[in-house]
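Read off the chains here:
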Amino acid sequence: MARFLFTMLPANDLGLPTRLVPIARALADRGHEIAVCNPAPAPSKLIEDAGLKNLPVPSRPMPDSWTDLAQASTAWDVDEMFGCLFGNEEFIRAATGVQVDVLRDFAPDVVVDSFGLFTCLAARILKLRLVSVLQGNFHPASDGFLWWKSPRPTGLPSATPAVNKVAAEYGAPPVARCVDLLAGDLSLIVGTPETDPLPAAANATYIGPIVWQRGNATLPDWVATLDRDKPVIWVYSGNPRYANAPTPIDSIVVIRAAIAALGNTPMQVVLTTGHQVFPKELGALPSNFHHAAYLPGSAMAERSDLMVHHGGHSSVMNELSAGKPAVIIPTITERESNARRVVALGAGEIVLPVDGPDGEKQIDVSEFSAKLQRVLHEPSYRQSSRRVAESMRKFGGAEAAADRIEQFASTQT
């Protein structure tokens, strides 16, 4: 049996743990020793729900990380995003040191990571075997988040010089771009060539959609009592607020849009926030809204007629694997990238928010309402979603990923 450590960018969102936890659980069920590392509150709840060990992170002083959060939200690709988030050399040095300590202490046979730049650097420093589990637009060979535009502008921010300086301090070789660190010795792509296209030369293996849900998970009784003759709209915002003041990556705009367009209508709206606190500033919800911090994703998607969400890749995988269409309000370019893929597949529509004068994102409610009605009532959206769902079934998901990782761990270096 092997020893695996699952790591990721420790953001307080469910997207990354949602793709890693099912693989970790599958390997644990096969008798391997498994640990996960993400101390953020919402991921910690998901990891605990899966019955997995969540490693603590060593405490040490950490300087501020990002230099330009607003530009990070409009980043062309991962390399620019890292440049905006991690432009502080001292932060890179401290964060890398933390991950080196975590990896040394647990001493895994294989590190399985998703979007954890500093864990990938630490694995390179310690010469540990690395499996990356990525969405297509995170892979170094992708066309980036703004794939419908070209060419990539020159002179964009990059953390590569600082990353290479820290790597050199440990005696590790430099990289051409820091995003190159994300490509492990084995790269697994969540999604399919249709949902997450990559060049043929990319050294990556598609594993299909991964959606976390405990095997015995069920929806609460109140969901079962929803009127079968009225549409059920599942609204998923992800993290509504990342700080006390508005930030460019907040998803509260999704909730506000849903209230404005769907409040006190014949629609039945189920709102979930991914183990996040519901913003008190929104006040009482309309009478046709039902809020839950978290619901089993696959089951809720199956019960829904349509999803409204923020464009996170895991949300896209959830809707498409269930064969359900969506109207998406993406809050950053990474999410816009995912949303545009859904539109290209004929499985939904996109409503782009704009920055308001107070720093809050705003949308055209009339446009949103019109697109909701179109997606709900035009059969082509459901037909396209079901076609994509059917095409996804030939990929193995978490079990196939576990097979690949298990095989990789058993091979000699």
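Details of the structure are given in the entry above.
Since the model is a prediction, treat every value here as computed from it, not as a measurement.

## Quick word on the overall build of the chain
(1) Moving on: Within the chain, the regular secondary structure consists of 15 helices and 14 strands.
(2) Moving on: On the principal axes, the C-alpha backbone points of the chain span a range of 65 × 50 × 40 Å.
(3) Moving on: Among the 413 residues that make up the chain, the fraction classed as buried is 58%.
(4) Moving on: Of the contacts made within the chain by residues no fewer than 6 positions apart, 69% connect residues no fewer than 24 positions apart.
(5) Moving on: Charged side chains of the chain number 36 positive and 43 negative; the gap between the two group centres comes to 2 Å.

## Some points on the pattern of salt bridges
(1) Moving on: Under the criterion given, the structure shown has 23 salt bridges.
(2) Moving on: Among the salt bridges present, the one from Arg-30 reaches Glu-399, with a minimum N-O distance of 2.7 Å. Residue Arg-30 is found in the loop between α1 (15–29) and β2 (33–37), and its partner Glu-399 is found in helix α15 (residues 397–410); the two are separated by 369 residues along the sequence.
(3) Moving on: Judged by its relative accessible area of 44%, Glu-399 falls in the partly exposed class.
(4) Moving on: Here Arg-393 makes a salt bridge to Glu-390, at a shortest N to O gap of 2.5 Å. Across the pair, exposure class does not vary: Arg-393 and Glu-390 are exposed alike.
(5) Moving on: One salt-bridge network, held together by shared partners, links Glu-89, Glu-90, Arg-93, Lys-165 and Glu-169.

## A few points about the pairing of strand β8 (residues 268–272)
(1) Moving on: Within β8, five of the five residues are buried, which leaves the element mostly enclosed by the surrounding structure.
(2) Moving on: Bridging between strand β7 (residues 232–236) and β8 involves five bridges; their strand directions are parallel. Pairing of Ile-233 across the sheet is with Val-269, part of β8.
(3) Moving on: Between β7 and its parallel partner β8, the chain crosses via helix α9 (residues 252–262), and the hand of that crossover is right-handed.
(4) Moving on: With four bridges connecting them, β8 and strand β9 (residues 289–292) associate as parallel partners. Residue pairing for β9: Val-270 is matched across the bridge by His-290.

## Observations regarding the packing of helix α11 (residues 313–321) against helix α12 (residues 333–344)
(1) Moving on: α12 packs onto α11 with a crossing angle of 20° between their chain directions and a minimal axis gap of 9 Å. On the basis of the axis angle, α11 is roughly parallel to α12. Handedness of the α11/α12 crossing: right-handed. Facing α11, whose interface residues are His-313, Val-316 and Glu-319, α12 presents Glu-334, Asn-338 and Val-342.
(2) Moving on: Of the residues in the contact of α11 with α12, the class split is two nonpolar, two polar and two charged.

## Let's talk about the nonpolar core
(1) Moving on: If you look at the biggest cluster of nonpolar residues, it comprises 109 residues, and the most contacted ones within it are Phe-4, Phe-6, Ile-23, Phe-86, Val-112 and Phe-115.
(2) Moving on: Each residue touching Phe-4, except ones within four places of it in the same chain, is listed here: Leu-27, His-32, Glu-33, Ile-34, Ala-35, Phe-106, Pro-108, Val-110, Val-112, Ile-405 and Ala-409.
(3) Moving on: In this structure, Phe-278, Phe-289, Ile-363 and Leu-376 belong to the second largest nonpolar core, which totals 27 residues.

## A few points about the sheet that holds strand β6 (residues 205–208)
(1) Moving on: Pairing within the open sheet is parallel, and its six strands lie in the order β2-β1-β3-β4-β5-β6. On the outer flanks of this sheet lie β2 and β6, each paired with one strand and no other. On average, adjacent strands in this sheet sit at an angle of 25° to one another, irrespective of strand direction.
(2) Moving on: Along the sheet, α15 makes contact with β1 (3–8), β3 (110–114), β4 (129–134), β5 (186–190) and β6, crossing β5 at roughly 180°.

## Quick look at the packing of aromatic side chains
(1) Moving on: The final tally for this structure, using the stated rule, is eight aromatic pairs.
(2) Moving on: Here Phe-82 and Phe-86 contribute two aromatic rings whose centre-to-centre distance is 5.7 Å and whose plane-to-plane angle is 35°, an arrangement assigned as tilted. For the pair formed by Phe-82 and Phe-86, the shared burial category is buried.
(3) Moving on: With 6.3 Å between their ring centres and 65° between their planes, Phe-138 and Phe-145 make a pair best called edge-to-face. Judged on exposure class, the residue Phe-138 and its partner Phe-145 are both buried.
(4) Moving on: Three or more aromatic residues joined by ring pairs make a cluster, and in this case those are Phe-82, Phe-86, Phe-91, Phe-115, Phe-118, Phe-138 and Phe-145.
(5) Moving on: One residue, Arg-3, lies across the ring of Phe-106, its end atom 3.9 Å from the ring centre.

What counts and what doesn't
Residues numbered from 1 in each chain as written. Predicted model: local features only at pLDDT ≥ 70, side-chain atom pairs only at ≥ 80, totals over all residues. Heavy atoms only, no water. Helix = DSSP H or I, 4+ residues; strand = E, 2+ residues; numbered from the N terminus. Buried < 20%, exposed > 50% of the residue type's maximum accessible area, 1.4 Å probe, protein only. Contact = heavy atoms within 4.5 Å. Lys, Arg positive; Asp, Glu negative; His and termini not counted. Charge placed at Lys NZ, Arg CZ, Asp CG, Glu CD. Salt bridge = Lys/Arg side-chain N within 4 Å of Asp/Glu carboxyl O. Pairing = 2+ DSSP bridges. Right-handed = clockwise from strand over helix to strand, strands pointing away. Axes fitted to C-alpha atoms, helices over the stretch in contact; angles between N-to-C directions. Parallel < 35°, antiparallel > 145°, perpendicular 65-115°, else oblique. Left-handed = near helix turned anticlockwise from the far one by under 90°. Nonpolar A, V, L, I, M, F, W, Y, C, P; charged D, E, K, R; others polar. Core = buried A, V, L, I, M, F, W, Y, C linked by side-chain atoms within 4.5 Å. Phe/Tyr/Trp six-rings, centres within 6.5 Å; stacked < 30°, edge-to-face > 60°. Lys NZ or Arg CZ within 6 Å of the ring centre and 35° of its normal.

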